[in-house]
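Geometric and topological summary
The chain contents come next:
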Amino acid sequence: MADDATQNNAISPDLLEILRCPEAVHYTDKGDDPGRLELVQGCWLVCEDSGYKYPVRDGIPVMLVDVGRKYQNISVDDLPVPPPDED
C-alpha cells in the first residue's frame, strides 16, 4: 500500500525545491534558507526547522500551518501512509 501512496502522491523535484514550511520560513535563527522540506515515505513533507509535517494528497501538498502542527509530535516512522483524507 505504501508503494501506491508513493506513486499517487509524487511531487516533482522542482516543486519540492521551492516549497517551504509556512511556519519556519519566518525563522531568523535557522540560516539563510529556513523551512526547507524533505519528502518522506513518499507522501509527507517534513520540516526539520519547525518539526511540522504536511501530508501530500493526490500529489497536492497540504501546506496549512494547523495541519503541519497537528503532526508535529508524531515521529516520521509513525506517520500514517497514506495520509488520512481529513484534518
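See the structure above.
What you see is a predicted model; the values in this text were computed from it and never measured.

1. Notes on the overall build of the protein
A count of helical and extended segments in the protein gives three helices and four strands. Across the protein, helices and strands are ordered from the amino to the carboxyl terminus as α-α-β-β-β-β-α. Contacts in the protein between residues at least 24 apart in sequence constitute 46% of all its contacts with a sequence separation of at least 6. In the form shown here, the protein has an accessible surface area of approximately 5,300 Å², with 48% of it arising from carbon and sulfur atoms.

2. What about the environment of Glu86?
One can find Glu86 in the segment after α3 (65–70). Accessibility expressed as a relative area gives 57% for Glu86, which makes it exposed. Sequence-wise, Glu86 and Val67 are 19 residues apart; in three dimensions their C-alpha atoms are separated by 9.7 Å. Beyond its immediate sequence surroundings of up to four residues, Glu86 is in contact with Arg57 and Lys70.

3. Here we look at the side chain of Arg20
Tracing the backbone through its elements, the reader meets Arg20 in the loop between α2 (13–18) and β1 (37–40). You can call Arg20 buried: its relative accessible area is 18%. In terms of polar contacts, Arg20 uses its side chain to reach the backbone carbonyl oxygen of Glu17, at 2.8 Å. A distance of 2.8 Å separates the side chain of Arg20 from the side chain of Asp33, its partner in a polar contact.

4. A few points about the environment of Trp44
Looking at the element boundaries, Trp44 is found in strand β2 (residues 44–47). Look at Trp44 and you get buried, because its relative accessible area is 0%. Excluding its chain neighbours within four sequence positions, the residues that come into contact with Trp44 are Glu38, Leu39, Lys53, Tyr54, Pro55, Val56, Tyr71, Leu79, Pro80, Val81, Pro83 and Pro84. Within the structure, Trp44 has its side chain in polar contact with the backbone oxygen of Pro80 (distance 2.8 Å).

5. A word on the pattern of salt bridges
Under the criterion given, the structure shown has four salt bridges. Among the ionic pairs, Glu17 bridges to Arg36, the shortest N-O distance being 3.4 Å. Of the two residues, Glu17 is situated in helix α2 and Arg36 in the loop between α2 and β1; the sequence distance between them amounts to 19 residues. Take Glu17: its relative accessible area is 44%, and that puts it in the partly exposed class. Where Arg20 meets Asp33, a salt bridge forms, and the shortest distance between an N and an O atom there is 2.8 Å. Residue Arg20 is found in the loop between α2 and β1, and its partner Asp33 is found in the loop between α2 and β1; the two are separated by 13 residues along the sequence. Shared partners join several salt bridges into a network, and the residues in it are Glu17, Arg20, Asp33 and Arg36.

Conventions adopted
Residues numbered from 1 in each chain as written. Predicted model: local features only at pLDDT ≥ 70, side-chain atom pairs only at ≥ 80, totals over all residues. Heavy atoms only, no water. Helix = DSSP H or I, 4+ residues; strand = E, 2+ residues; numbered from the N terminus. Contact = heavy atoms within 4.5 Å. Areas by Shrake-Rupley, 256 points an atom, 1.4 Å probe, with all protein chains shown as cover. Buried < 20%, exposed > 50% of the residue type's maximum accessible area, 1.4 Å probe, protein only. Polar contact = N/O pair within 3.5 Å; in protein donor to acceptor, adjacent residues only side chain to side chain. Salt bridge = Lys/Arg side-chain N within 4 Å of Asp/Glu carboxyl O.

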